[in-house]
Amino acid sequence: MKKYVCKICGYVYDPAQGDPDSGIAPGTAFEDIPADWACPTCGVGKDEFEPVV
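About the cut-offs
Residues numbered from 1 in each chain as written. Predicted model: local features only at pLDDT ≥ 70, side-chain atom pairs only at ≥ 80, totals over all residues. Heavy atoms only, no water. Core = buried A, V, L, I, M, F, W, Y, C linked by side-chain atoms within 4.5 Å. Buried < 20%, exposed > 50% of the residue type's maximum accessible area, 1.4 Å probe, protein only. Contact = heavy atoms within 4.5 Å. Helix = DSSP H or I, 4+ residues; strand = E, 2+ residues; numbered from the N terminus.

Novice: Describe the nonpolar core, listing the residues and the values that go with them.
Specialist: Judged by nonpolar contacts, Tyr4, Cys6, Tyr11, Tyr13, Ile24, Phe30, Ile33, Trp37, Cys39 and Phe49 together constitute the single largest core of ten residues. Sequence-distant contacts of cysteine 6, defined by excluding residues within four places in its chain, comprise Tyr11, Cys39, Cys42, Val44, Glu48 and Phe49.

Novice: Lay out the environment of cysteine 42 with the relevant residues and their values.
Specialist: Position of cysteine 42 relative to the elements: it lies in the loop between β2 (12-13) and β3 (49-51). You can call cysteine 42 partly exposed: its relative accessible area is 34%. Counting along the chain gives 15 residues from cysteine 42 to glycine 27, while the straight-line C-alpha distance between them is 22 Å. Those residues in contact with cysteine 42 that lie beyond four places of it in its chain are Cys6, Ile8 and Cys9.

Novice: I'd like a rundown of the side chain of threonine 28, residues and numbers included.
Specialist: Along the chain, threonine 28 falls in the loop between β2 and β3. Classification of threonine 28 as buried rests on a relative accessible area of 18%. With residues up to four places along the chain from it excluded, the contact list for threonine 28 reads Met1, Tyr13, Pro15 and Ile33.

Novice: Can you break down the environment of aspartate 47 residue by residue, with the values?
Specialist: Within the element layout of this structure, aspartate 47 appears in the loop between β2 and β3. Separated by 39 residues in the primary sequence, aspartate 47 and isoleucine 8 have C-alpha atoms spaced 11 Å apart.

Listed below in structure tokens is the structure:
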């Protein structure tokens, strides 16, 4: 599974870690995160993330 980085603040979503504070379990692919999820650091939406290369 790919990691995704927030273009605004640089937060990296790592599927292996998930985002437990937001209810996203480890092992959850970025594509499977609900559309209303927001960056836990700066609060922008999923549309401001891009795959890590």
